[in-house]
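# Understanding the architecture of this molecule
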Amino acid sequence: GAVVSQHPSWVICKSGTSVKIECRSLDFQATTMFWYRQFPKQSLMLMATSNEGSKATYEQGVEKDKFLINHASLTLSTLTVTSAHPEDSSFYICSARQMAFMNTEAFFGQGTRLTVV
Amino acid sequence: KNQVEQSPQSLIILEGKNCTLQCNYTVSPFSNLRWYKQDTGRGPVSLTIMTFSENTKSNGRYTATLDADTKQSSLHITASQLSDSASYICVVSIRGSQGNLIFGKGTKLSVKP
């Protein structure tokens, strides 16, 4: 199956600093990528949807200035957590699809565990 | 409100036994239903994807069923193995949306020797 690579797999940062997480589709072109956050024992919560070459669409309650998303190419999307705080500590997962609609498979990255101290 | 409910929340079984996980949804309009396996600290991995017209689909020891009338799905695991220990997530896709997926909270399965 298609592979979505997420980097880093874990990161620890100090409060107030920024952290960038990369999501790459390794063997297909992802027109759309999704960013999720997952708290312990909770389901994945969609944060934003990004389409290559355009601005991301953020879900209600997600601060776009805090969670910067860039989808500059068909194989790479980045999520930057700016001025991180301990409450931003979570498991962040990206997902990529070749097409935005119909029954195309959504492939997930392996996730990034962010801990803000 | 679009929701996906899974049961049980957690399950412990002995190696070699079978088990069935349940998923009820109230998502409309419905596009497809997926089952994912998520190991701790990892991203979800797809097991099956089923459309409205499909009643059952198998992937090795995993068999998913879908009843679109009652809006219920099940995932049956046969001859469980220790490596099956994971969270199993039911995800329903909304038709016509830009890939909007509604996630269940998952069933945490523990397979004991």
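Here goes a summary of the coordinates provided. Keep in mind the model is a prediction, meaning the values are calculated, not measured.

## Thoughts on the overall build of chain B
Helix and strand counts for chain B stand at zero helices and 11 strands. Order of helices (α) and strands (β) in chain B, N terminus to C terminus: β-β-β-β-β-β-β-β-β-β-β. Its C-alpha atoms give chain B a radius of gyration of 13 Å, near enough to 13 Å, the size a compact globule of 113 residues would have. With the C-alpha coordinates of chain B rotated into their principal frame, the extents come out at 45 × 30 × 20 Å. Surface summary for chain B: the accessible area is close to 5400 Å², and the carbon and sulfur share equals 48%. Averaging the locations of the 12 positively and 7 negatively charged side chains of chain B gives two centres separated by 6 Å.

## Digging into the pairing of strand E8 (residues 72–77) of chain B
Residues and elements named next belong to chain B. Sheet analysis places strand E3 (residues 19–25) next to E8, joined by six bridges and oriented antiparallel. Counted as the bridge partner of leucine 21 is leucine 75 from E8. Note: strand E7 (residues 62–67) against E8, six bridges, orientation antiparallel. Paired with leucine 66 across the strands is serine 73, a residue of E8. In this structure, the hairpin formed by E7 and E8 is closed by a connection of four residues, where lysine 71 is found at a positive phi of approximately 60°.

## Structural notes on the interface of chain A and chain B
Chain A puts 24 residues into the contact, and the matching count from chain B is 22 residues. Counting across the chain A and chain B interface gives two residue pairs in polar contact (both at pLDDT 80 or more). The biggest single contributor to the side of chain A that touches chain B is strand E4 (residues 32–38) of chain A, with four residues. Of the residues that constitute the side of chain A that touches chain B, the class distribution is 11 nonpolar, 11 polar and two charged.

## Some words on the sheet that holds strand E6 (residues 56–59) of chain B
All names here are of chain B. Overall, antiparallel pairing links the five strands, which are arranged E1-E3-E8-E7-E6 in an open sheet. Each edge of the open sheet is held by one strand with a lone partner, namely strand E1 (4–7) and E6. Strand-to-strand twist in this sheet, taken as the mean axis angle between neighbours without regard to direction, amounts to 15°.

## Some remarks on the sheet that holds strand E8 (residues 76–81) of chain A
Sheet strands line up and pair through hydrogen bonds in the backbone, either parallel or antiparallel. Residue and element names in this part refer to chain A. With antiparallel pairing, the four strands of this open sheet are ordered in space as E1-E3-E8-E7. In the strand order of this sheet, the two ends are held by strand E1 (4–7) and strand E7 (67–73), each with one partner. Adjacent strand axes in the sheet meet at a mean angle of 15°, parallel and antiparallel pairs treated alike. By the bridge criterion, six bridges tie strand E3 (residues 19–25) to E8 in an arrangement that is antiparallel. Bridge pairing links glutamate 22 to threonine 78 in E8.

## Quick word on a nonpolar patch on the surface
On the surface, a cluster of nonpolar side chains totalling about 370 Å² of accessible area is made up of A:Trp10, A:Ile12 and A:Val117. In this structure A:Val117 comes out as exposed when scored by relative accessible area, which is 56%.

## Structural notes on unusual backbone geometry
Geometrically, the link from A:His7 to A:Pro8 is a cis peptide bond, its omega value of 0° lying close to zero. As for its placement among the helices and strands, A:Pro8 is situated in the loop between E1 and strand E2 (10–13). Here B:Ser7 and B:Pro8 are connected by a cis peptide whose omega angle stands at -10°. Position of B:Pro8 relative to the elements: it lies in the loop between E1 and strand E2 (10–14). A positive phi angle is found at A:Lys41, which is not glycine, with a value near 60°. Within the secondary structure, A:Lys41 is located in the loop between E4 and strand E5 (45–51).

What counts and how
Residues numbered from 1 in each chain as written. Chains lettered and ligands numbered in written order. Predicted model: local features only at pLDDT ≥ 70, side-chain atom pairs only at ≥ 80, totals over all residues. Heavy atoms only, no water. Helix = DSSP H or I, 4+ residues; strand = E, 2+ residues; numbered from the N terminus. Rg over C-alpha atoms; globule rule 2.2 N^0.38 Å. Areas by Shrake-Rupley, 256 points an atom, 1.4 Å probe, with all protein chains shown as cover. Lys, Arg positive; Asp, Glu negative; His and termini not counted. Charge placed at Lys NZ, Arg CZ, Asp CG, Glu CD. Pairing = 2+ DSSP bridges. Contact = heavy atoms within 4.5 Å. Polar contact = N/O pair within 3.5 Å; in protein donor to acceptor, adjacent residues only side chain to side chain. Nonpolar A, V, L, I, M, F, W, Y, C, P; charged D, E, K, R; others polar. Axes fitted to C-alpha atoms, helices over the stretch in contact; angles between N-to-C directions. Patch = residues over 30% accessible without salt bridge, like charges linked within 9 Å, V, L, I, M, F, W, Y side chains within 5 Å. Salt bridge = Lys/Arg side-chain N within 4 Å of Asp/Glu carboxyl O. Buried < 20%, exposed > 50% of the residue type's maximum accessible area, 1.4 Å probe, protein only.

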